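Listed below are the residues making up each chain.
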Amino acid sequence: MTVNPLQKLPLLGGLSPAQFMRRHWQKKPCLIRQAVPGVVPPVTRPELLALAARDDVESRLVQQAKGGWQLRHGPFERRQIPPFSRPGWTLLVQGLDLHVPAAHELLSQFRFVPEARLDDLMISYASDGGGVGPHTDSYDVFLLQVSGQRRWRVGSVKDATLVDGVPVKLLANFQPTEEWVLEPGDMLYLPPRWGHDGIAVGNDCMTCSVGFRTPTPTETARDVLQRMIDALEAPDQEPHYRDPAQSATDTPGLIPAALQEFAQKAVISALNDAHSLSCALGESLTEPKAIVWFEGGEPLQAGQGLSLDRRTRMMYDERHVFINGESFRAGGRDARLMRQLADQRTLGAREVAQLSADARELVSDWAEAGWLRGV
């Protein structure tokens, strides 16, 4: 489940991940012919329709007709999906990696980018002429053609004005500078904010999109600060505010400067807690999406290895291990093995046996929660 940063890969057109990141990542597009030779779609068309009918799967239907653009959100019954012979429509299913093992395996090939940045794998099915119009994304994206053909027009965006009055964000003055038709196995990488417009050529066009997390400062601060607040505990014998020098006042509605300074120092002190900040960030980054839920599993048995569930998010820093929105202190051998589990998403029976009794009890609890399973 890990990728050698120095190994040259067909996935990256013969570049190593290290070379690709230096030359292209957030810098310039890259077209890779036969990045995945002999690629097989991770789902069949009937399987995709079945996923779009589920309420725990995020799906959208985009159509372009004489009346303009239409956008609807799933779940969709089969009768709500247009006939496959009708041109100009696209079905998008988000988070395919959470539900389909083959999609999870495909997404894992991109783990040369930190897990904290990797988001999900989306698949789009389009009839002839289908697409979502010229647009930009705020994140990096790998566009892998897995069935049929799609024509991509790409260009840097000098005018980000959007078309008014449509339910999808379309560039009003898109000026492409490059154009390619992608066949199954071909892949296109685009940095953030590059304009692109993909149009299906013929029916049964399926494209997998590997997207990345790009939180804004406000989003990050809001979630991290809320977690820090929730974790804030008062120490024993905490001093209260005192104001022995307070004089009598004829402006009782005015907040005293000393009280303002007291509050400021209290907030700054809480924010300067590096341990709390690290925990809050790790918990935020590993929190499963709202539509993700786990079924209970079985406790680990003696002699078993273990493997993370594909929906589980696990990361670490120098002092902590984070899994599905929870944080744990770890040190020594336990820390080394937990980091190995986060990187490789599996531990052999020999490594599990090396865990301390407390750590084995913890991973057994995770197994019962459905976060991992014995193998």
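Chemist: I would appreciate a short explanation of the sheet that holds strand E14 (residues 346–347) in the present structure.
Modeler: In any sheet, the strands associate via hydrogen bonds between backbone groups, in a parallel or an antiparallel arrangement. Strand order in this open sheet of three strands is E14-E10-E15, and the pairing throughout is antiparallel. A single partner strand is all that each edge strand has here, and the edge strands are E14 and strand E15 (372–374). The pairing of strand E10 (residues 306–308) with E15 spans three bridges and is antiparallel. Note on E15: the bridge partner recorded for Leu306 is Gly374.

Chemist: What am I meant to see in the sheet that holds strand E11 (residues 314–316) here?
Modeler: Spatially, three strands are ordered E11-E12-E13 in an open sheet, and the strand pairing comes out antiparallel. With one partner strand each, in any of the chains shown, E11 and strand E13 (326–329) form the two edges of the open sheet. If you compare each strand with its neighbour and ignore which way they point, the axes differ by 20° on average. Bridging between strand E12 (residues 320–323) and E13 involves four bridges; their strand directions are antiparallel. If you follow Ile323 over to E13, its bridge partner there is Glu326. Across the sheet, helix H6 (residues 274–286) lies against E11, E12 and E13, angled at about 30° from E12, the strand it touches most. Strands E11 and E12 of the sheet are contacted by helix H7 (residues 332–344), whose axis makes an angle of about 130° with E11.

Chemist: How should the pattern of salt bridges be read in this particular structure?
Modeler: Any two side chains of opposite charge can pair if their charged atoms end up close together. A full pass over the atoms with the stated rule returns 16 salt bridges. Among the ionic pairs, Glu77 bridges to Arg79, the shortest N-O distance being 2.9 Å. The closest approach of N and O atoms between Arg227 and Glu283, which form a salt bridge, is 3.9 Å. A residue pair is termed long-range when its members are at least 10 positions apart, and Arg227 in helix H4 (residues 217–231) and Glu283 in helix H6 qualify at 56 residues. For Arg227, a relative accessible area of 18% gives the class buried. Counted as one network, the salt bridges with shared partners bring together Asp119, Asp120, Arg213 and Lys289.

Chemist: Would you mind showing me how to read the nonpolar core here?
Modeler: Nonpolar side chains tend toward joint burial in soluble globular proteins. Leu11, Phe20, Leu91, Leu96 and Phe142 are the most contacted members of the largest nonpolar core, which has 45 residues in total. Contributions of two or more residues to this core are made by strand E1 (30–32), helix H2 (45–52), strand E4 (89–93), helix H3 (101–108), strand E5 (118–126), strand E6 (141–156), strand E8 (187–190) and strand E9 (194–212). Once residues lying within four places of it in the same chain are set aside, the contact partners of Leu96 are Pro42, Val43, Leu51, Ala103, Leu121 and Ile123. In terms of nonpolar packing, the next biggest core, distinct from the first, is built from 22 residues, Val292, Phe294, Leu300 and Met338 among them.

Chemist: I tried to follow the side chain of Thr286 on my own but got confused; where do I start?
Modeler: Position of Thr286 among the secondary structure elements: in helix H6. What makes Thr286 buried here is its relative accessible area of 0%. At 2.9 Å, the side chain of Thr286 and the backbone oxygen of Gly282 are in polar contact. In this structure, Thr286 is in contact with Arg313, Met314, Met315, Phe322, Ile323, Asn324, Gly325 and Glu326, ignoring residues within four places of it in sequence.

Chemist: Just checking my understanding: could you explain the pairing of E9 for this structure?
Modeler: Regular strands place side chains that alternate from one sheet face to the opposite one. Of the pairings in the sheet, the one linking E5 to E9 comprises eight bridges and is antiparallel in character. Each bridged residue has a counterpart across the sheet, and for Ser124 the counterpart in E9 is Thr207.

Chemist: Just to check I follow, could you spell out the environment of Tyr139 for this structure?
Modeler: Relative to the helices and strands, Tyr139 is located in the loop between E5 and E6. A C-alpha to C-alpha distance of 9.5 Å links Tyr139 and Pro215, two positions 76 residues apart in sequence. For Tyr139, the contacting residues outside a window of four places in its chain are Leu190, Pro191, Pro192, Gly211, Phe212 and Thr214.

Chemist: Before we go on, may I ask you to explain the packing of H4 against H6 in this structure?
Modeler: When two helices pack together, their arrangement is captured by the angle between the axes and the distance separating the axes. Close contact between H4 and H6 brings their axes to 9 Å; oriented N to C, the two are set at 120°. The angle between H4 and H6 places the two elements in the oblique class. Between H4 and H6 lies a crossing of right-handed hand. Contacts between H4 and H6 pair Asp223, Val224, Arg227 and Met228 from the former with Ser276, Leu277, Ala280, Leu281, Glu283 and Ser284 from the latter. Looking at the contact of H4 with H6, its residues break down into five nonpolar, two polar and three charged.

Chemist: Please explain the packing of aromatic side chains as it appears in this structure.
Modeler: Within a pair of aromatic rings, the relevant descriptors are the distance that separates the centres and the angle that separates the planes. Per the stated rule, a full pass over the model turns up 16 aromatic pairs. Geometrically, the ring pair formed by Trp25 and Phe212 is edge-to-face, given 5.1 Å between the ring centres and 80° between the ring planes. Separated by 187 residues along the polypeptide, Trp25 in the loop between helix H1 (17–23) and E1 and Phe212 in strand E9 bring together distant segments of the chain. Classification of Trp25 by relative accessible area gives buried; the value is 11%. Ring-pair connections join several aromatic residues into one group, and the members of that group are Phe20, Trp25, Phe110, Phe112, Phe142, Tyr189 and Phe212. The ring of Phe84 is capped by Arg45, whose NZ or CZ atom sits 3.6 Å from the centre of that ring.

Rules of the game
- Residues numbered from 1 in each chain as written.
- Predicted model: local features only at pLDDT ≥ 70, side-chain atom pairs only at ≥ 80, totals over all residues.
- Heavy atoms only, no water.
- Pairing = 2+ DSSP bridges.
- Helix = DSSP H or I, 4+ residues; strand = E, 2+ residues; numbered from the N terminus.
- Axes fitted to C-alpha atoms, helices over the stretch in contact; angles between N-to-C directions.
- Contact = heavy atoms within 4.5 Å.
- Salt bridge = Lys/Arg side-chain N within 4 Å of Asp/Glu carboxyl O.
- Buried < 20%, exposed > 50% of the residue type's maximum accessible area, 1.4 Å probe, protein only.
- Core = buried A, V, L, I, M, F, W, Y, C linked by side-chain atoms within 4.5 Å.
- Polar contact = N/O pair within 3.5 Å; in protein donor to acceptor, adjacent residues only side chain to side chain.
- Parallel < 35°, antiparallel > 145°, perpendicular 65-115°, else oblique.
- Left-handed = near helix turned anticlockwise from the far one by under 90°.
- Nonpolar A, V, L, I, M, F, W, Y, C, P; charged D, E, K, R; others polar.
- Phe/Tyr/Trp six-rings, centres within 6.5 Å; stacked < 30°, edge-to-face > 60°.
- Lys NZ or Arg CZ within 6 Å of the ring centre and 35° of its normal.

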